[in-house]
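Geometric and topological summary
The residues making up each chain are set out below.
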Amino acid sequence: MKKINIAIDGHSSCGKSTIAKQLSNHLGYIYIDTGAMYRAICLYALRNNIISDGIIDEELLFDKLDNVSVSFEYDKANNQCRTFLDGQNVESEIRGLWVSENVSKISKIKAVRQKMIFIQREIGRNKGVVMDGRDIGSVVFPNAELKLFVTASVEERARRRSLELKDVSFEDVIKNLKDRDEDDSTRKENPLIVSENAIVIDNTNMTKEEQFEKVLEAYENAILN
Ligand code: DC
């Protein structure tokens, strides 16, 4: 069977990774969560005082960037990804509010994006990759055979996210999501856009099963072309 690259972009906490995992399991493809890469760099910056009081020392980050390693493992049995920062499993730490509140300051830096995009393209060189993020269809793989743009209302996304973040108030979650939507869509470097030929999936009122049916249909069409 012909292998393709699948780009999944969209707003924060809209279920991109659910689709990406379903597809990669179904097709036997590699799954890459590119947001985790930016989160890991953010954690590195926070731990090393490269971000302090919300201000980033961009020059220092630039100097250190080439020596930071970010890698992944996918645990198929438990359907879970693990992100490693310099060999340490940081999967749970990168999901916390400390990183979430600071990560868009990192992901807007051109030098950081260039490094991440280079790594992402290397991974996708031989096809058979499902990658989710914000700029996958528009910048990383503009020729991806299948591009999806996933979204849902901000209230529904906050409701889902609140179930995961038990000790954070709903108001804080919604504020964080709105801020990130704004940052992602208005930043200068590779903002979140609906890229050309992307299929838009608004899953506000969809079950995971309904959504996957739609996605599989899009995949079948893409593979025929
Ligand atoms: O998807 P996420 O919330 O884990 O993403 C974390 C941050 O990284 C968020 O600020 C968006 C940004 N990001 C990006 O700019 N480009 C990507 N390809 C993936 C994520």
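Below, the discussion takes up the nonpolar core. I41, L61, I106 and V112 are the most contacted members of the largest nonpolar core, which totals 36 residues. Breaking this core down by element, the ones donating at least two residues are helix 2 (34-47), helix 3 (58-65), helix 5 (103-107), helix 6 (110-124), strand 8 (129-133) and helix 7 (136-140). Here this core takes 10 residues from helix 2, the largest share from any one element. Residues in contact with V112, not counting those within four places in the same chain, are Y38, I41, L61, L65 and I106.

Here the focus is the side chain of R161. Topologically, R161 is positioned in helix 8 (residues 154-164). Take R161: its relative accessible area is 10%, and that puts it in the buried class. In this structure the side chain of R161 is engaged in a polar contact, spanning 2.6 Å, whose partner is the side chain of E164. Not counting residues within four places of it along the chain, the set of residues in contact with R161 comprises S13, R95, S100 and V173.

For the rest of this paragraph, the subject is the site of the ligand. Close to the ligand lie 15 residues; R39, R113, D135, R180 and R187 are nearest. A distance of 2.5 Å separates an oxygen atom of the ligand from a polar atom in the side chain of R180. Here an oxygen atom of the ligand sits 2.8 Å away from a polar atom, N or O, in the side chain of R187. Burial of the ligand by the protein chains amounts to 95% of its free accessible area of 450 Å². Contributing elements (two or more residues each) for the shell around the ligand: helix 2, helix 5 and helix 9 (170-186).

Parameters at a glance
- Residues numbered from 1 in each chain as written.
- Predicted model: local features only at pLDDT ≥ 70, side-chain atom pairs only at ≥ 80, totals over all residues.
- Heavy atoms only, no water.
- Core = buried A, V, L, I, M, F, W, Y, C linked by side-chain atoms within 4.5 Å.
- Buried < 20%, exposed > 50% of the residue type's maximum accessible area, 1.4 Å probe, protein only.
- Helix = DSSP H or I, 4+ residues; strand = E, 2+ residues; numbered from the N terminus.
- Contact = heavy atoms within 4.5 Å.
- Polar contact = N/O pair within 3.5 Å; in protein donor to acceptor, adjacent residues only side chain to side chain.
- Near = heavy atom within 4 Å.
- Areas by Shrake-Rupley, 256 points an atom, 1.4 Å probe, with all protein chains shown as cover.

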